[in-house]
Amino acid sequence: MIEFLGYVGPGAGIAIATTALAFVVSFVLALFGILFWPLRYLWRRFTRKRPPNPARVKRAILIGLDGLDPKLVQRFMNEGRLPNMKKLAEIGGFQNLATTFPAMSPVAWSSFATGVNPAKHGIYDFLIRDPKTYLPDLSSAEVRGPKRFIDIGRYRIPLGKPEIRLLRKSRPFWHILGQHQVPCSILRVPITFPPESFEGTLLSAMCVPDLEGTQGSFAYYTTADDTDDAIGGRRTRIKVESTKHGRKVVAALQGPPNPLLRDGPKLELPFEVRFDAEGKSILHIEGRKYPIEKNQFTDWIPIGFSLAPRLGALSPKLRGICRFRLLEASPDVRLYVTPLNIDPENPVMPISHPKFFSIFLAKLFGRYATLGLAEDTWALNEKVLDEDAFLEQAWSNHAERETQFFEMLKRTPKGLITVVFDGTDRIQHMFMRYLDEGHPSIAANGKDTDGSQELYRDVIADTYHRMDTMLGKVMSELDLSDPQTLLAVISDHGFATFRRGVNLNTWLQRNGYLTLKEGLTESGEWFRGVDWTKTKAFALGLGGIFLNIKGREALGVIEPGDAHAMADELASKLRGMIDTGTGQIAITDAFAAHKIYKGPYAENAPDLIVGYAAGWRASWDGVRGIINDVVFDDNTKAWSGDHCIDPEQVPGVLIANQKLGIAGREAAISDMAPTMLELFGIPAPRYMDGKSLSNP
């Protein structure tokens, strides 16, 4: 997944959607929507198309398990850990599912949804570079505030709503199904934020931001002297105060800048944790009390930041939810707070279609995580959370989604239901070190002497087993011999260990492709100190290199006509690169974009895709745009597994109760869209690159 780069947000303006004007507009629109719904339903009922061909299935259930690796599936099948996947494979088949170039979740799931290669949907990484500034931004969504305001004293009242745009291009296959009267329930498929309107229901997932507009910023409060800056979070020093009945700490949640004030300060919401003489602790926030026990997450707690405190109870509020975890009560106090999620009962941004769908699920089952990357990998990386807390969080999130899935499975007796569970990905990222004997992070963090290696060795196997158990529950409700029913388990890519990092920016600087300003031997983050007037290439994101081309980049130096030759030159030099620290190949292949991408958005691609060998990946410093004196280094972080490598080495999985495939070639994730259309009697559009895997 995205590591600290995930904390690059989709843009400013998240709080603006909660102003009084926005509330009035939303209420009026909702009222009209309810009043005219019967007429709209009848109109759509009689104007929608019907599938031109007879459908071969009445119901299709696609269970996406992000990052499920075919080699591990086969291994755990052989060990008897995955009886249901094995049974499903015996009924239909089990095969690799080729991933995308590069092998990243936003890229692969976008190809899954649209049936096209990245040059036709425009997503190549978690990040996109701004050619004017050379800085990164989120690749999938953009949020812009209103253009017009009314100034009233110190307040700025926005006229209109913020603009929220999904940057992924092309049409998801469920839009086409919906147009042909095929019911569709889509749950947490990545790169669906903001949700698009279509004839069906959808709950967004990856790239849904938190209230601060980032991809997930945790908060850590402590009385101890360990408040150094953290990647992906905020550390705050607090003090213990004596009270009549014990002790307390006073702190505040921090939100985004107040959008109703010119250059507004960040919003704050005070809270207290009080400890009585008996050792009980109570959280006090917004006039409400919640018990908070050591090493246990609270339930989701609703919060509201007042945008105009002087108005008192009339003030509009920015609403969200979060969970607290008391890590230590004595002698020091240490407290963790999850990123501030959008409240599904009161969403400040659209996170579902229809808009009331997220509210419906919250009313039915209670509040739930809405953040796209809800498993807090960086809190574990920064040692704020430990392994047990991370697993508890991951499985709690999974339980919420599993409950929602089974509810919609019940409510979708025909048509398509698609769900993606991403806990498999997050857990493999963080626990691969325990499956990989001798991983550098084990010794570096003392995990080889404290019993952790043995304690967590089976976490990944247990994760696969839990997914298998869930699959068994689905299978028990279906007649898998019925040719009118399709049940498939798919993944977007596989997984590998991540032992060594490669700083491509340092390599580019050493080889004359990147130049620092005179007198500098190192750069700051995000290329601070790079002389762009003398730089030919730079690496940004997890797998791409961009050329500094005249007319495209602000200070480009390469003539457009020379770009392809330069990309080919770099690919030739990188292919087969040896890690000087180990003597092994670190980069198996490198792919010039002009040779692998064809489509209207090919010009937005990195000019080079780097295919790392299993065990290597872009280094932490390199991904942050830091140039120093280290090209190869050990990965000592908890984030110890990855898939941002040569796509040929990390295919995904396809297990189904029907025989799917195309003679003479490997199935690919882009084949799933045309396959679903064909099964429901709808010819795939000609622009789709994927081919149907269904046999007439």
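Relevant structure appears above.
Participant: Quick question: what am I supposed to make of the nonpolar core here?
Facilitator: If you look at soluble globular proteins, the nonpolar side chains tend to sit buried side by side. Counting residues in hydrophobic clusters, the biggest one holds 67 residues, and the most contacted among them are Ile63, Met85, Phe405, Phe431 and Leu487. Filtering out sequence-adjacent residues up to four positions away, Phe405 remains in contact with Ile61, Ile63, Leu187, Ile417, Val419, Phe421 and Val474. If you look at the next biggest cluster of nonpolar residues, it comprises 58 residues, including Met104, Leu514, Ile587 and Ala613.

Participant: Explain the sheet that holds strand 19 (residues 317–322) to me, please; I cannot follow it from the model alone.
Facilitator: Across a sheet, strands are paired by hydrogen bonds formed along the backbone, either parallel or antiparallel in direction. Within the open sheet, the 3 strands sit side by side as 18-19-22. Their pairing is antiparallel. Strand pairing shows two members of the sheet lacking a second neighbour, strand 18 (301–306) and strand 22 (341–342), which therefore form its edges. As defined by bridge partners, strand 18 adjoins strand 19 across 6 bridges and the pair is classed as antiparallel. Bridge assignment links Ile301 to a residue of strand 19, and that residue is Cys322.

Participant: So what exactly am I meant to see when it comes to the pattern of salt bridges here?
Facilitator: Pairing between side chains of opposite charge can happen when the charged atoms of each approach one another. What the rule picks out here adds up to 47 salt bridges. Glu163 is paired through a salt bridge with Arg165; the nearest N and O atoms lie 3.8 Å apart. Of the charged contacts, one joins Glu402 and Lys473 as a salt bridge, the two residues approaching to 3.1 Å between their closest N and O atoms. Separated by 71 residues along the polypeptide, Glu402 in helix 10 (residues 387–411) and Lys473 in helix 14 (residues 459–476) bring together distant segments of the chain. Look at Lys473 and you get partly exposed, because its relative accessible area is 39%. A network of salt bridges, in which partner residues are shared, links Arg188, Glu375, Arg401, Asp422, Asp425 and Arg426.

Participant: Sorry if this is basic, but what is going on with the side chain of Asp125 here?
Facilitator: Inspection of the secondary structure assignment puts Asp125 in the loop between helix 6 (118–121) and strand 3 (127–129). For the buried Asp125, no salt bridge exists, and the shortest N-O distance to an oppositely charged side chain is 9.8 Å, to Arg617. Within the structure, the side chain of Asp125 is placed 3.0 Å from the backbone nitrogen of Leu542, a separation counted as a polar contact. Those residues in contact with Asp125 that lie beyond four places of it in its chain are Met104, Pro106, Val107, Ser139, Leu540, Gly541, Leu542 and Gly543.

Participant: Explain the sheet that holds strand 30 (residues 608–612) here, please?
Facilitator: One open sheet holds the 4 strands; their spatial order is 27-28-30-29, and the pairing between them is antiparallel. The sheet is open, and its two edges are formed by strand 27 (537–540) and strand 29 (587–592), each paired on a single side. Shown here is a sheet whose adjacent strand axes are inclined to one another by a mean of 25 degrees, direction ignored. Two elements, strand 28 (residues 544–547) and strand 30, share 2 bridges in a ladder whose sense is antiparallel. In the sheet register, Gly544 faces strand 30, and the bridge partner there is Ile609. Where helix 16 (residues 563–574) meets the sheet, its contacts fall on strand 27, strand 28, strand 29 and strand 30, and the angle it forms with strand 28 comes to roughly 145 degrees.

Participant: What am I meant to see in the packing of helix 4 (residues 83–91) against helix 14 here?
Facilitator: Helix packing for two helices is described by the angle between their axes and how far apart those axes are. Two elements in contact, helix 4 and helix 14, have axes separated by 7 Å at closest approach and are oriented at 55 degrees. Looking at the two axes, helix 4 sits oblique to helix 14. The segment helix 4 lies against helix 14, with Pro83, Asn84, Met85, Lys87 and Leu88 engaging Tyr464, Met467, Asp468, Thr469, Leu471, Gly472 and Met475.

Participant: Would you mind going over a nonpolar patch on the surface with me for this structure?
Facilitator: A cluster of nonpolar side chains, contributed by Ile150, Ile152 and Leu159, occupies part of the molecular surface with about 240 Å² of accessible area. If you trace the backbone, Ile150 turns up in strand 6 (residues 148–152).

Participant: Just to check I follow, could you spell out helix 8 (residues 356–365) for this structure?
Facilitator: Because an α-helix completes one turn every 3.6 residues, residues spaced three or four positions apart along the sequence face the same direction. Within helix 8, the full set of buried residues consists of Phe357, Ser358, Leu361 and Ala362. Take helix 8 and look down its axis: the buried residues cluster within an arc of 135 degrees, on one side only. For helix 8, exposure combined with an orientation more than 90 degrees from the buried face picks out Phe356 and Lys363. Contact partners of the buried residues in helix 8: strand 9 (184–187), strand 10 (201–203), strand 23 (352–353) and helix 10.

Participant: Looking at this model, I keep getting lost on unusual backbone geometry. Mind explaining?
Facilitator: Leave glycine aside and you will find that most residues have negative phi; peptide bonds, for their part, are mostly trans. Omega for the peptide link from Phe101 to Pro102 comes to 0 degrees, which places this bond in the cis form. Inspection of the secondary structure assignment puts Pro102 in the loop between strand 2 (93–97) and helix 5 (105–114). Omega for the bond connecting His353 with Pro354 falls within 30 degrees of zero, at -10 degrees, which places this linkage in the cis form. On the secondary structure map, Pro354 appears in the loop between strand 23 and helix 8. Residue Ile191 is not a glycine yet carries a positive backbone phi of 60 degrees. Mapped onto the secondary structure, Ile191 falls in the loop between strand 9 and strand 10.

What counts, and at which threshold
Residues numbered from 1 in each chain as written. Predicted model: local features only at pLDDT ≥ 70, side-chain atom pairs only at ≥ 80, totals over all residues. Heavy atoms only, no water. Core = buried A, V, L, I, M, F, W, Y, C linked by side-chain atoms within 4.5 Å. Buried < 20%, exposed > 50% of the residue type's maximum accessible area, 1.4 Å probe, protein only. Contact = heavy atoms within 4.5 Å. Pairing = 2+ DSSP bridges. Helix = DSSP H or I, 4+ residues; strand = E, 2+ residues; numbered from the N terminus. Salt bridge = Lys/Arg side-chain N within 4 Å of Asp/Glu carboxyl O. Lys, Arg positive; Asp, Glu negative; His and termini not counted. Polar contact = N/O pair within 3.5 Å; in protein donor to acceptor, adjacent residues only side chain to side chain. Axes fitted to C-alpha atoms, helices over the stretch in contact; angles between N-to-C directions. Parallel < 35°, antiparallel > 145°, perpendicular 65-115°, else oblique. Patch = residues over 30% accessible without salt bridge, like charges linked within 9 Å, V, L, I, M, F, W, Y side chains within 5 Å. Areas by Shrake-Rupley, 256 points an atom, 1.4 Å probe, with all protein chains shown as cover. Arc of directions from axis to C-beta.

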